[in-house]
Amino acid sequence: LAYSEKPMPPEENNKVPSHCAITLFIATSEQILLQDNISCIDPENHSVTRMPAGLIVPHVYFSRLGTSEDGGEAITKNVLRDFAGLENMDEETTAALLNFSYHLACGNTDEAYKSVKGVRSSNVWESMSKMCVKTGRLDVAQKCLGQMSHARAAGALRQCPEQEPEARLAVVAVHLDMIEDAEQLLKQCGRYDLLNQLYQASGNWEKALDVAKTKDRIHLKPTHYAYAQHLEALEDVEGALTHYEFSGTYRTESPRLLCSMGMTEELGNYVEKSDDSHLHRWYAQFLESKADLEGAAREYTKANDWLSLCRVACFNDDLDRAQKICEDSQDQAACYHLARHLEAAGHFKEAMHYFQLAGRSSHAIRLAQENQYDGDLMSLALSSDPSGMAQAAKYYEQKGQPSKAVILYQKSGQQKRALELCFSARLFDALRKISDELNAESDPTILAKCAEFFMQHEQHEKAVHLLSISKQFDRAVQLCAEHDVQITEDMAERMTPEKNSMEPSHRAEILQEIGKLCRKQGSFQLACKKFTQAGDKLKAMKSLLNSNDTEKIIFFAGTARQPEIYILAGNYLQSLDWHNDPEIMKNIIQFYSKAKAFDKLAAFYDACAQVEIDEYRDYDKAGGALKEALKYMTKAAGEGDQRVISLQSRITLVDQFANVRQMAKTEPDQMVAICERMVDLPDIESAVRMGDIFAQLIEYYGEMNDYNSAHRTVERMRQRGIVLTPYLDRSLLETIYRAVWQPLPEDEGEQRPAPPDDMEEEIQEED
């Protein structure tokens, strides 16, 4: 006696007994094989439990426990699974079956088959086939089917395409009328699609639908359809209609079913309740076939089938209603049908309108040409496709209206034909419009023809444009040069050949010519760009210098990295107010240094020194600048050069005078002596201004209140022809001349003040 505590799935709970008797085969002392299990619950009275009392093949005997209410026998018997239906066989057959079961349990198929090889009873073989189904032995089942001559089952098994052994075994089970076993086998292998088919074939539709809803969703609609056909065969109309709807085939099957049964009124009610446009369209066609045009129109309206609705209206010659349907719905198919109907009736204008609404402009154009509606043809053609435009253009050309033909040819993409017509009819305005739309992708022959035309009519700018986009760069540049065509930046870019489109030398020549033309026209920056593209950076720099764009000049010089360009940039920057702009001064020095133009750099430092002297009388800074000039001049010319010697002499004098100015407070007498000596030097003006020396003496005498000496020094300056005002303050001169009671020299052009004690009288001095 065995009891299983393992919880079972709900679907298996009723199949496996919780209390059961187990029959076993003892193969060896260490090998025990399960043969079968039999429930201990009394099948006749489930409240009574039985205990196994004995085993005599092919029966197991049980003893009932307790008292049975129905007064049944105390001893009951059950047939072993492998002997079901073979209880009354002779002992030899029973022993053979027992050996068959034993060898099958051992997995020894050959021995099992040998043990029953001599059995001739088909019932025995059928029983063994069922035993193979229960034990899952498909290979043995095939042999059993052959022995029992069950050709249908054997053929079905051979043709079965399924790969799962359980599914193939289920085929055998079905042919042996073991439906429950087939069901269990299909569940084990998860083939719910085959289980669904099994339920359908056995008429178990509720289970089939349940499996389709939960396990086999892909076959849900086919299952509903099959069930609907089953209900239709049973004349269950309501059920069949419901399941046809579930299957999604109600649009065709439901009307067919109702019509085949003559249920016309029910068909109308069924369609009326539905919102499906296909059903309403089918019912409308049905009513139309019965000559019920009013009902058909009503159903066509519900189905939004405007074509059929318009067709019915046209059939009834109700053109107003047909036109209203087309105008309201804007349905192209309906508009086309009405247009054909109107054309057949001779209403060509209206037909053209509805052909256009239907998107069939070619038909509208055809009608306009046939009936010579030239006024409407142009608007129809412009709204048509290119083929319709070309058709209308050809019509206008034949009619002698080339201007309209040109427009339509151009719109349809036939530019070549449009241009030929422009040339032949001399339509200059149209030709100009066409040329404005030409681009690099246009036909080169078209571009060449247009360019030639514009050259003949002295439209040089347009001709240059067309020659450029047609890649005739040489002719375009030549035309610009001959007729002084103003070159814009866009035009210059169009005339610039792409790299690798021609020989580099030829490309450079074209760019050189463009650059020269731009420079001649004053477009210096554009000329610089073209010269740069041509590889001639020197000409590019020279052009850019004419633009006076300092920022771009500095940038270009920095990127060019050529000594000549550095020198040109430095020379240009020296022409600016460099002494008031440290950035410009820095760039000048940097460019000359990069170019290694030491003589230029020395000259610049010399100029810096002169500015310090002339503008600020700062001989200290001037001396420093001259020393820098000497350094670079030495690099440029060498130690023995006359310019180097001259600079050294000037530096000596400048430094001497700078020191003199510092001696005014500490050693005034020596300062005066040195200044007097410097005044008499013959080449002093090359280094120190004579006026600065005299001014130093005069300022010193003024500070010492020695106005007589100051006055004598001023007079010496005047005798040497030195202008006083750049060196001496006006107030100092007035003080000196007032102190010696002398009038201010007339060349100063100012009033002389009155003596300090006379404030009432003013003496006016005239120039």
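Above this text is the structure in question.
Residues numbered from 1 in each chain as written. Predicted model: local features only at pLDDT ≥ 70, side-chain atom pairs only at ≥ 80, totals over all residues. Heavy atoms only, no water.

A.B. asks: Any chance you could explain the packing of helix 20 (residues 348-357) against helix 21 (residues 361-370) here in plain terms?
C.D. replies: Axes are the key here: two packed helices are described by the angle between their axes and the distance separating the axes. Where helix 20 meets helix 21, the axes come as close as 8 Å, and the angle between the chain directions of the two elements is 160°. What the angle tells us is that helix 20 and helix 21 run roughly antiparallel. Crossing handedness for the pair helix 20 and helix 21: left-handed. Contact residues: F348, A351, M352 and F355 in helix 20; S361, H363, A364, R366, L367 and A368 in helix 21. Looking at the contact of helix 20 with helix 21 residue by residue, the class counts come to 7 nonpolar, 2 polar and 1 charged. (Axes fitted to C-alpha atoms, helices over the stretch in contact; angles between N-to-C directions. Helix = DSSP H or I, 4+ residues; strand = E, 2+ residues; numbered from the N terminus. Parallel < 35°, antiparallel > 145°, perpendicular 65-115°, else oblique. Left-handed = near helix turned anticlockwise from the far one by under 90°. Contact = heavy atoms within 4.5 Å. Nonpolar A, V, L, I, M, F, W, Y, C, P; charged D, E, K, R; others polar.)

A.B. asks: What should I look at first to understand the state of the cysteines in this one?
C.D. replies: Two cysteines whose sulfur atoms are joined by a covalent bond form what is called a disulfide. Per the counting criterion, the structure on display carries 0 disulfides. Distance from the sulfur of C335, which forms no disulfide, to the nearest cysteine sulfur (C326) is 4.2 Å. Cysteine C518 shares no disulfide, and the gap to the nearest cysteine sulfur, in C480, comes to 8.8 Å. (Disulfide = S-S within 2.5 Å.)

A.B. asks: Before we go on, may I ask you to explain the packing of aromatic side chains in this structure?
C.D. replies: The description of two aromatic rings rests on the distance between their centres and on the angle between their planes. This structure, assessed with the given rule, holds 9 aromatic pairs. Judged by centre distance (5.6 Å) and plane angle (5°), the rings of W282 and F286 are stacked. Here W282 pairs with F286, and both are found in helix 15 (residues 277-289), just 4 residues apart, close to one helical turn. With a relative accessible area of 28%, W282 lands in the partly exposed category. Aromatic side chains Y605 and Y632 sit 5.8 Å apart centroid to centroid with 0° between the ring planes, which places their arrangement in the stacked category. Remark: Y632 occurs in helix 38 (residues 619-637) and Y605 occurs in helix 37 (residues 598-616); sequence separation between them is 27 residues. The two residues Y605 and Y632 agree in class, both being buried. (Phe/Tyr/Trp six-rings, centres within 6.5 Å; stacked < 30°, edge-to-face > 60°. Buried < 20%, exposed > 50% of the residue type's maximum accessible area, 1.4 Å probe, protein only.)

A.B. asks: Honestly, a negative patch on the surface in this entry has me stumped. Any pointers?
C.D. replies: On the surface, D236, E238, E265 and E266 cluster together into a negatively charged patch. With respect to the element layout, E238 can be found in helix 12 (residues 237-247). (Patch = residues over 30% accessible without salt bridge, like charges linked within 9 Å, V, L, I, M, F, W, Y side chains within 5 Å. Areas by Shrake-Rupley, 256 points an atom, 1.4 Å probe, with all protein chains shown as cover. Salt bridge = Lys/Arg side-chain N within 4 Å of Asp/Glu carboxyl O. Lys, Arg positive; Asp, Glu negative; His and termini not counted. Charge placed at Lys NZ, Arg CZ, Asp CG, Glu CD.)

A.B. asks: Whenever I open this one, the pattern of salt bridges confuses me. Can you help?
C.D. replies: It is possible for side chains bearing opposite charge to pair when their charged atoms get close. Applying the stated criterion across every chain yields a total of 23 salt bridges. A salt bridge links K324 to D328; its shortest N-O distance comes to 2.8 Å. With K324 and D328 both in helix 18 (residues 319-329), this residue pair falls 4 residues apart, about one helical turn. Across the pair D655 and K627 runs a salt bridge, and its minimum N-O distance is 3.9 Å. With D655 in helix 39 (residues 642-662) and K627 in helix 38, this residue pair connects regions lying 28 residues apart in the sequence. Exposure remark for D655: the relative accessible area of 26% places this residue in the partly exposed category. Its relative accessible area of 44% is what places K627 among the partly exposed residues.

A.B. asks: I tried to follow the side chain of E343 on my own but got confused; where do I start?
C.D. replies: Position of E343 relative to the elements: it lies in helix 19 (residues 332-345). The exposure class of E343 is buried, given its relative accessible area of 18%. Non-local contacts of E343, meaning those with residues more than four positions away in its chain, are made with F348, A351, F355, R366 and L367.

A.B. asks: Explain the packing of helix 31 (residues 504-520) against helix 32 (residues 524-534) to me, please; I cannot follow it from the model alone.
C.D. replies: Between helix 31 and helix 32, whose axes approach to 8 Å, the crossing angle comes to 165°. Considering the angle they form, helix 31 stands roughly antiparallel to helix 32. Like other packed secondary-structure pairs, helix 31 and helix 32 cross with a definite hand, here left-handed. Residue-level inspection shows R507, A508, L511, Q512, I514, G515, K516, C518 and R519 of helix 31 in contact with helix 32, the latter providing F524, L526, A527, K530, F531, Q533 and A534.

None of the figures reported here should be taken as evidence of function without further support.
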